[in-house]
Amino acid sequence: MSARALFYDGGRRALDQHLNDMAEGTVDKKGLFTAVEECRDHFAALIGSHSDEVAFTRNVTDGIAAFGAALDWRAGDSVVVCEELEHPANIYPWYGLARKHGIIIKNVRQKDGMAPFGDIVDAMDERCRAMAISAVSFAPGFRFPVAELGAECRRRGVHLVVDAAQSIGVLATDVEAWGVDVLAASTQKGLMALYGLGFLYVRRSVAEQLQPALLSRFGVEQEGHEASLGDPISGRLAPGARRFDVGNYNYPAIIAVTPALKLILELTPQAVEDHAFGLAREFADRLLAIGLPVYGGRPGHWASHIVTVGAALGYDHDSAADLSMAALYEHLVANGVRLSIRRDLLRFSFGLYNDRSDIDRVERLAREWVRGQNTAPRMTATA
Ligand SMILES: Cc1ncc(COP(=O)(O)O)c(C=O)c1O
């Protein structure tokens, strides 16, 4: 339920095996490349893309920055973001480009925990090149109508860039239906694996117009051994997003995430979403029933697997400016509940491995805490 998911035991076993092979010197490089392609195929299947549209990165920031750095910017081009709702991973890369190329960042203000659709559309002027948004925000955790925005971006020739850090592996994702050009994800949350590995999806027709900032051996079409020089002067870039691959891969993290990808595909992404979203909805209702200020009130259409508690979005992380919320957080943590505080809100995040007993336990602890309060906690449910 916290800032990262539990490491799936199937991934743990695969990683242990790999580490043993490394320690014993029995690793076979061809086998590693096979593992990389297997992982790429599974991730592509998860998001409804082709394998050639998927590259490996270090994390979400790396993916967004790699895409941004490959566009041919001109001073005065613009990018639309909603800074109050986006994680720094989806903000800094754009400001990096602003510093370097003089592009303009157009910031849309949040309203009730959402980036207002109309305001985003209004902010996309004729110099707009990209709109960057999280499919599920890290706080307060609402989904965004990505498909509607995708259609709007396409009409205007704007690249829709999606930060899928919170959504991947939980929210059923279809890059075709969503109409996104770029999606960046990492593996330590809904994919139940390790830090330090990310995926970058770039639509083939977009990727093939791009020249990544880094020219690398793995980013060009190769024949022969990986260590052979190839043609660094005029060798063709690898097809699709493969041109964003760099050098040797994070093999341990790739091996560690593949079993979770397989599991989610077997269960079906929709079933995983239904499970996690259903638990979150029930949890939110139960917290509201005991008088806690679930952000946004009763879960509505844009609710996700994340439930946040607190009256207003703020600026604190891992501590809350609202002292009663900080006290509730301490009470839950002291009793072994794993949650986080993001933007001043207590954040509960549900995954595949949670079940109703988790809800029962947290509800019991929260009820206990509410009873122990001299004054009732605030009842306002929205901000
Ligand atoms: C919405 C969102 N984006 C990105 C990240 C992480 O970014 P990175 O993978 O670059 O560290 C997080 C949190 O870990 C997040 O919640």
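Residues numbered from 1 in each chain as written. Predicted model: local features only at pLDDT ≥ 70, side-chain atom pairs only at ≥ 80, totals over all residues. Heavy atoms only, no water.

Caption draft 1: Just the sheet that holds strand E2 (residues 78-81), in detail. Taken together, seven strands build an open sheet; the order of strands is E1-E7-E6-E5-E4-E2-E3 and the sheet is mixed. The two strands at the open ends of the sheet, each matched to only one other strand, are strand E1 (54-57) and strand E3 (104-107). Direction aside, neighbouring strands of the sheet carry axes that sit 20° apart on average. Here E2 runs beside E3; their pairing, made up of four bridges, is parallel. Along E3, the bridge assignment pairs Val-79 with Ile-105. (Pairing = 2+ DSSP bridges. Helix = DSSP H or I, 4+ residues; strand = E, 2+ residues; numbered from the N terminus. Axes fitted to C-alpha atoms, helices over the stretch in contact; angles between N-to-C directions.)

Caption draft 2: Representation of helix H4 (residues 92-101). Among the residues of H4, Pro-93, Trp-94, Leu-97 and Ala-98 are the ones counted as buried. One side of H4 carries all its buried residues, which in axial view fall inside an arc of 150°. Structural note: H4 exposes Tyr-92, Arg-99 and Lys-100 on the side pointing more than 90 degrees away from its buried face. Elements in contact with the buried residues of H4: helix H3 (60-70), E2, E3, strand E4 (128-134) and strand E5 (159-163). Positive phi appears at Gly-102, one or two residues downstream of H4, with a value of about 70°. (Buried < 20%, exposed > 50% of the residue type's maximum accessible area, 1.4 Å probe, protein only. Arc of directions from axis to C-beta. Contact = heavy atoms within 4.5 Å.)

Caption draft 3: Region of interest: empty space enclosed by the protein. With the rule as written, the count across this model stands at three cavities of 30 Å³ or more. Approximately 70 Å³ is the volume found for the second largest cavity. (1 Å grid on protein atoms, 1.4 Å probe; cavity = no way out; pocket = protein on both sides within 12 Å on 5 of 7 lines; lining within 4 Å. Points joined across faces, edges and corners; volume = space filled by probe spheres on them.)

Caption draft 4: Here's a closer look at the domain arrangement of the protein. Partitioning the protein into structural domains gives domain 1 (9-267) and domain 2 (269-372). The C-alpha centroid of domain 2 is placed 29 Å from the C-alpha centroid of domain 1. In this complex, domain 1 contributes 31 residues to the contact, which on the side of domain 2 involves 25 residues. Both faces considered, domain 1 and domain 2 share a buried interface measuring about 2,200 Å² in area, 65% of it formed by carbon and sulfur atoms. Summed over the shared surface of domain 1 and domain 2, the number is zero salt bridges. Summed over the shared surface of domain 1 and domain 2, the number is 11 residue pairs in polar contact (both at pLDDT 80 or more). For the side of domain 1 that touches domain 2, the class distribution of residues is 18 nonpolar, seven polar and six charged. (Domains from an automatic or database assignment. Buried area = accessible area lost by both parts, 1.4 Å probe. Salt bridge = Lys/Arg side-chain N within 4 Å of Asp/Glu carboxyl O. Polar contact = N/O pair within 3.5 Å; in protein donor to acceptor, adjacent residues only side chain to side chain. Nonpolar A, V, L, I, M, F, W, Y, C, P; charged D, E, K, R; others polar.)

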